Amino acid sequence: MNSGRLVSRLTRKSRTNFYYAFLLLPRPQREAMYAVYAFCRIVDDVVDAGGDPEIQRRALAHWRREVARCFEGTPEEPVTQRLCQAVRAYPIPRAALEEIINGVEMDLDRSSYETFDELYPYCCRVAGAVGLCCIEIFGYGDPRAREYAVNLGVALQLTNILRDLRADAQQGRIYLPAEDLRRFGVPPEDLRLGRYTPPFVELMKFEALRSRSFYRRAWELLPEADARRLFAAEIMGRVYFALLRAIEERQYRVFDGRISLPVATKLAIAFRCWAGARLGAGALRREVA
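Since the structure is predicted, the reported quantities are computational estimates derived from the model, not experimental observations. (Residues numbered from 1 in each chain as written. Predicted model: local features only at pLDDT ≥ 70, side-chain atom pairs only at ≥ 80, totals over all residues. Heavy atoms only, no water.)

An account of the overall build of the protein chain is requested, with residue identities and associated values reported.
Secondary structure summary: the protein chain contains 15 helices and zero strands in total. The C-alpha atoms of the protein chain give 19 Å as radius of gyration, which agrees with the globular expectation for 289 residues (19 Å, within 12%). Considered along the principal axes of its C-alpha atoms, the protein chain spans approximately 50 × 50 × 30 Å. Expressed as a percentage of the 289 residues in the protein chain, the buried residues total 57%. A sequence separation of at least 24 residues applies to 71% of the contacts in the protein chain between residues at least 6 apart. Per element, the accessible surface of the protein chain, about 12,700 Å² overall, is 51% carbon and sulfur. (Helix = DSSP H or I, 4+ residues; strand = E, 2+ residues; numbered from the N terminus. Rg over C-alpha atoms; globule rule 2.2 N^0.38 Å. Buried < 20%, exposed > 50% of the residue type's maximum accessible area, 1.4 Å probe, protein only. Contact = heavy atoms within 4.5 Å. Areas by Shrake-Rupley, 256 points an atom, 1.4 Å probe, with all protein chains shown as cover.)

An account of the packing of helix α7 (residues 116–138) against helix α8 (residues 144–163) is requested, with residue identities and associated values reported.
The N-to-C vectors of α7 and α8 enclose an angle of 120°; their axes lie 7 Å apart at closest approach. Overall, the two elements α7 and α8 adopt an arrangement that is oblique. Considering the relative orientation of α7 and α8, their crossing is right-handed. Contacts between α7 and α8 pair Phe116, Leu119, Tyr120, Tyr122, Cys123, Cys124, Val126, Ala127, Gly128, Gly131, Leu132 and Ile135 from the former with Ala145, Arg146, Ala149, Val150, Gly153, Val154, Gln157, Leu158 and Ile161 from the latter. (Axes fitted to C-alpha atoms, helices over the stretch in contact; angles between N-to-C directions. Parallel < 35°, antiparallel > 145°, perpendicular 65-115°, else oblique. Left-handed = near helix turned anticlockwise from the far one by under 90°.)

Now, about empty space enclosed by the protein: what can you tell me, with residues and values included?
For the coordinates displayed, the defined rule picks out two cavities of 30 Å³ or more. Residue lining of the largest cavity: Phe116, Leu119, Leu158, Ile161, Leu162, Leu176, Pro177, Glu207 and Arg210, and that is the complete set. Contributions of two or more residues to the lining of the largest cavity are made by α7, α8 and α12 (198–221). Broken down by element, the lining of the largest cavity gets its largest block of residues, three residues, from α8. Looking at the lining of the largest cavity, its residues break down into seven nonpolar, no polar and two charged. Of the pockets and cavities examined, the second largest cavity occupies roughly 30 Å³. Take the lining of the second largest cavity: its biggest share by element is three residues, from helix α9 (residues 165–170). Taken together, the residues of the lining of the second largest cavity break down into six nonpolar, no polar and two charged. (1 Å grid on protein atoms, 1.4 Å probe; cavity = no way out; pocket = protein on both sides within 12 Å on 5 of 7 lines; lining within 4 Å. Points joined across faces, edges and corners; volume = space filled by probe spheres on them. Nonpolar A, V, L, I, M, F, W, Y, C, P; charged D, E, K, R; others polar.)

A description of the packing of aromatic side chains should follow, citing residues and the corresponding values.
One pass over the full model with this rule turns up 15 aromatic pairs. The structure contains a cluster of three or more aromatic residues connected by ring pairs, namely Tyr113, Tyr122 and Tyr175. Over the ring of Phe206 we find Arg183, and its NZ or CZ is 4.6 Å from the ring centre. Against the face of Phe214 rests Arg217, its NZ or CZ located 4.3 Å from the ring centre. (Phe/Tyr/Trp six-rings, centres within 6.5 Å; stacked < 30°, edge-to-face > 60°. Lys NZ or Arg CZ within 6 Å of the ring centre and 35° of its normal.)

I'd like a description of the environment of Tyr37, backed by residues and values.
Checked against the element boundaries, Tyr37 lands in helix α3 (residues 27–48). Along the backbone, Tyr37 and Pro75 are 38 residues apart, and their C-alpha atoms lie at a distance of 17 Å.

Describe the layout of surface pockets, listing the residues and the values that go with them.
Of the voids in this model, the largest pocket is the one considered here, and its volume is about 1,100 Å³. Listed by contribution, the elements that provide at least two residues to the lining of the largest pocket are α3, α6 (94–109), α7, α8, α9 and α13 (231–249). At nine residues, the largest contribution of residues to the lining of the largest pocket is made by α8. Looking at the lining of the largest pocket, its residues break down into 28 nonpolar, nine polar and eleven charged.

Describe the side chain of Glu136, listing the residues and the values that go with them.
Within the secondary structure layout, Glu136 lies in helix α7. The charged side chain of Glu136 is buried without a salt bridge, its nearest counter-charge being Arg146 at 5.2 Å. A distance of 2.7 Å separates polar atoms of two side chains, one belonging to Glu136 and the other to Tyr140. (Lys, Arg positive; Asp, Glu negative; His and termini not counted. Salt bridge = Lys/Arg side-chain N within 4 Å of Asp/Glu carboxyl O. Polar contact = N/O pair within 3.5 Å; in protein donor to acceptor, adjacent residues only side chain to side chain.)

So, the side chain of Arg163: which residues are in play, and what are the values?
Relative to the assigned elements, Arg163 resides in helix α8. For Arg163, the side chain forms a polar contact with the side chain of Asn160, separated by 2.7 Å.

Okay, here's the thing in structure tokens:
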């Protein structure tokens, strides 16, 4: 299988929420996004697959070298061969790709966070840095777009954390800050065992509001002049915001099964974002208010 078909297959096979943001992009941008996503997916899987931490660290070191080779024009892996084409076509920052690996590696170094201030750098690395790669592919003129991308990335990651709470806890990872668990009287064991209690609901309301605050910051920063070019980023944000609302509407019953959105809903969001972008960032903000 050639490298182009491989990265496209990885993205389609995952049925990631991001996939629906890529559909309406011009082909060159879509192929570059497939390459970035496939790189992120493979690097993330190095740690999520489990195993010997030292072997995982060596694997991540290999991907760091592959990032360097991308910018030297000598990548060895099929995925980074496609990523190399993307970094030649778009000003994707090498530092952001390296930060994605650094973020993934944090899961080997720690399994919990005492405060949100400790969790925030992790979110910036595994999600905010992805946003910084994406906006270079989409294009922008206003430098506020970079702040928009980071805040949106953090919002998406916080939503992921709420959705995957039990699965992460069963793998020994608890991303919700320990000080929040203590504040609401939720023992870490409740997350591992999937105990749905009134204190847990109050904790989740608090965490959902924090996630909402990052969506709000992102949308306030969305530059009017760049709304057309950033519509795919808005699709990502709007899909994940809808996912957050689904979690809220189900009263935070995330232990009953993985909450997801119907494909029809994702496609409808994608079309609305694409159409709304033609009217400017103001129209996009009104839609999500």
